[in-house]
Amino acid sequence: MSQQPLSSVAPQAAPPAVSRIATTFARLREQGRKALIPYVTAGFPFADITPALMHGMVEAGADVIELGVPFSDPMADGPVIQKAGEKALSLGIGMAQVLEQVRSFRQRNSTTPVVLMGYANPVERYDQRRGAGAFVRDAAEAGVDGVLIVDYPPEECEAFAADLRAHGMDLIFLLAPTSTEERMQQVARVASGYVYYVSLKGVTGSGALDTGAVEAALPRIRQHVREIPVGVGFGIRDAATAQAIGRVADAVVIGSRIIQLIEEQPHEKVVPVTVDFLRGVRKALDA
């Protein structure tokens, strides 16, 4: 990992732009609908599948796409997403390839927000190799709309958040059942786009979802983040749980279940299987 923290990158002087994420949530709010945010690891299960898979997700009703950046030590990810990341790494997928996949997606889609989800190491390595600020510059140029860095605490990245906002991108944070009031306040100061509430204690794909506990937690979070939408993920595996969470959250995030559905599929089945699953979730969310 780089010795230079991301927070030391000076913010750009350009005025902040309105992100595609903010525009999308505003439109959904007007329509009385909830955001469907599917997650997939970039380059999984085939190195060349990701842009087509992203287009399929949009066709099925996705409002925002979270694209996982493969990393060798993903501490917050359960075995399903860890395995997907290992496969993608073995296929030669790193940050440069992820940005190229976003560029490819943007050739046909200029409106659906794309969020990169991952860890500090790949971002800092990218800047090490290409110069300070290269990640923010290149991500914006590729068409990225938001960044969620799991192991980057809010108190250390105000300058990074400002630099992202100056390039029209949002910095998104995780909150968990164990988050303190102080941590929620810290997140509220720097977060934009949306906040991702981890509904379970533990890693991705673990445990059974307690929708009552999620419903009880969200008002406390909203006291702090106020206007920022709150999405819920970890443990949402089907249309029924998505619908239950959609009643109380602004967005539903589904990751591990999609990875499980596609991990053994032949190339030609990956997109249709994903589309079929997400259409069911979308229908339930809109019901």
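Above this note sits the structure.
The shown structure was predicted, so the numbers you read here are calculated from the model rather than taken from an experiment. (Residues numbered from 1 in each chain as written. Predicted model: local features only at pLDDT ≥ 70, side-chain atom pairs only at ≥ 80, totals over all residues. Heavy atoms only, no water.)

Of the two faces of strand β6 (residues 195–198), the one holding V195 and Y197 and the one holding Y196 and V198 are both buried throughout. As paired elements, strand β5 (residues 170–175) and β6 share three bridges and run parallel to each other. Residue pairing across strands places F173 opposite V195, the latter belonging to β6. Running through helix α8 (residues 181–190), the crossover from β5 to the neighbouring parallel element β6 is right-handed. Where β6 and strand β7 (residues 230–233) come together, four bridges link them in parallel fashion. Looking across to β7, one finds that Y197 is bridged to V232. (Buried < 20%, exposed > 50% of the residue type's maximum accessible area, 1.4 Å probe, protein only. Helix = DSSP H or I, 4+ residues; strand = E, 2+ residues; numbered from the N terminus. Pairing = 2+ DSSP bridges. Right-handed = clockwise from strand over helix to strand, strands pointing away.)

So, about the environment of I81. For I81, the location among the structural elements is in helix α3 (residues 79–90). C-alpha of I81 to C-alpha of R130: the two residues are 49 residues apart in sequence and 28 Å apart in space.

The next subject is helix α5 (residues 120–130). Among the residues of α5, A120, N121, P122, V123, E124, Y126 and D127 are the ones counted as buried. The secondary structure elements touched by the buried residues of α5 are α4 (95–106), α6 (134–142) and β4 (146–149). G131 sits one or two residues past α5 and shows a positive phi near 105°. (Contact = heavy atoms within 4.5 Å.)

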